[in-house]
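Reading the structure
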Amino acid sequence: MTPIPQIPTPAHTLADSMLSRHFGRETVNYFSSSPINRLSFLRSDHPFLSTALKHPSARFVLLNNLAPLTTPSPVQLHYAKYDEIRRLVPQDTFDTPEEDMLKNYDSSKSHATLIFLGLDESRKEGGLAWKIYQGTPYFAVDVTPKGSEEQQTAAKDVISTMEAKGLSFFQTRVHMSFSADEAAIYAQARALMDWNTRNTFCGTCGCRTLAVNAGTKRACPPTDAARTAEGKTVERPECNTRTTLSNLSFPRTDPTIIVAVVSADGKRILLGRSKRFPPSLYSTLAGFIEPAESVEDAVRREVWEEAGVTLSRVVIHSSQPWPYPANLMIGALAQVSDPAHETISLLHDPELEDARWFEIEEVEEALRIGTGDLGAQPGPEYKGGLRLPPPTAIANQLIKAAISAEYFATEKQSKM
Ligand SMILES: [Zn+2]
């Protein structure tokens, strides 16, 4: 079984503060808390990007159809050097200002998507120094063979060179075996690359778009320098994305709620399972937030729709980026105020196969011996009974919080 990576807790989240005395310690979820400083304000600074791109310390996360380049054992991200990808990312990539890139746009030429992820400031030695910022630059590059013939050849070349070194592109449903730092780096790279791949055409006029702002925005260029087979210019229609304030396409983040629900007496937790779960696995309830809905309202709606249970107080606990493809899981704790509202009904929304109230003792035991992800087996001590998601899932952290006396001290527990 793959060991579950330790999620680091940055020092500042443990520091004493008035807020932590009132609300308790901050939870840091897997895929979050990246060591990289994104420096988003430098994404349009082409002299900086050009220097970072060619800096000897620069590290490149390579993605082939979103599968990251990894070492075989243990499976960790392998960072390529600029020299290894220069055929895909020409040296003059950031030589012209963004404005000119848009003016000179030519749809007959295609380029691999390149994203600036940021600087790892913990790797200062040998790193890039730019104004007051210092660290190792990180980029993500799409090596999927696509686009022009030239781009495809270069991509295949990069892939075969890497594979000849014993490296491979790790394709799996959810990447849970990376160290916590690498998981956060991969999450950022994957989410942005996926968004770029899905938005190659303008949602307003239907023409091709161009990645700008170091791969974090896409624009609809006004003209096209390409020529048709007859030598004619390629016309681009008027597009109001160029004239209105919202003149760019930004990456999407889809907010989702996920909640651990506690009974009125604080002694039981509501969990549900979908048909695709392995036997005995239950988890917290979850669903998408709808337009014009608060997080708290979405929590109440989802729990009522899926389980028929009516909630009172909802408290936001922590959040987790989930780059499959663009979710932000907003984790909450909630409680039922009246035992009459605890009756479960699966008749409204058929999403869950089952929902049940579990006694805290059973949940504690399952956290101890029965956790594992959808594909993995629980630990050797597991002899049957309730199974729960692994600590890398926010569901696990919410369940832990819901049984902790920190939040839900019953009278008996608080006297202890
Ligand atoms: Zn357009």
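Figured I'd write up the structure that's included with this text.

1. Some thoughts on the side chain of glutamate 302
Checked against the element boundaries, glutamate 302 lands in helix α8 (residues 295–307). What makes glutamate 302 buried here is its relative accessible area of 8%. Once residues within four sequence positions are removed from consideration, glutamate 302 is found in contact with Ile257, Ala286, Gly287, Phe288 and Ala307.

2. A word on helix α6 (residues 149–164)
Given a rise of 1.5 Å per residue, 16 residues ought to cover 22 Å, and the 22 Å separating the end C-alpha atoms of α6 matches this to within 8%. Every buried residue of α6 is accounted for by Gln151, Ala154, Ala155, Val158, Ile159 and Met162. The buried residues of α6 all sit within an arc of 135 degrees when viewed along its axis, so they share a single face. Within α6, the exposed residues directed more than 90 degrees away from the buried face are Glu149, Glu150 and Ala164. The inward-facing, buried residues of α6 abut β2 (59–64), β3 (67–70), β4 (79–80), α4 (82–85) and β8 (168–169). Just past α6, the residue glycine 166 takes up positive phi, approximately 90 degrees.

3. Considerations on the packing of aromatic side chains
Inspection of every chain in the model, using the stated rule, returns 14 aromatic pairs. Both rings, one in tyrosine 30 and one in phenylalanine 31, keep their centres 4.8 Å apart while their planes meet at 50 degrees; by these two values the pair is tilted. In this structure tyrosine 30 comes out as buried when scored by relative accessible area, which is 1%. By relative accessible area, phenylalanine 31 is classed as buried at 3%.

4. Considering the pairing of β3
The sheet contact formed by β2 and β3 spans two bridges and is antiparallel. Paired with asparagine 64 across the two strands is alanine 67, which belongs to β3. With antiparallel pairing between neighbouring strands as the criterion, β2 and β3 make up a hairpin whose turn holds two residues, including asparagine 65 at a positive phi of roughly 50 degrees. The pairing of β3 with β8 spans two bridges and is antiparallel. Bridging from a neighbouring strand, threonine 70 pairs with serine 168 of β8.

5. Quick look at the pattern of salt bridges
Evaluated as defined, the whole model comprises 19 salt bridges. Here arginine 252 ties to aspartate 254 by a salt bridge, and the two come within 3.0 Å at their closest N and O atoms. Arginine 252 sits in the exposed class, given a relative accessible area of 57%. By relative accessible area, aspartate 254 is classed as buried at 15%. Between arginine 301 and glutamate 305 there is a salt bridge, with its nearest N and O atoms 3.3 Å apart. In this pair, arginine 301 and glutamate 305 are both assigned in helix α8, four residues apart and thus about one turn of the helix distant. Classification of arginine 301 by relative accessible area gives buried; the value is 17%.

What counts as what
Residues numbered from 1 in each chain as written. Predicted model: local features only at pLDDT ≥ 70, side-chain atom pairs only at ≥ 80, totals over all residues. Heavy atoms only, no water. Helix = DSSP H or I, 4+ residues; strand = E, 2+ residues; numbered from the N terminus. Buried < 20%, exposed > 50% of the residue type's maximum accessible area, 1.4 Å probe, protein only. Contact = heavy atoms within 4.5 Å. Expected span 1.5 Å × (residues − 1). Arc of directions from axis to C-beta. Phe/Tyr/Trp six-rings, centres within 6.5 Å; stacked < 30°, edge-to-face > 60°. Pairing = 2+ DSSP bridges. Salt bridge = Lys/Arg side-chain N within 4 Å of Asp/Glu carboxyl O.

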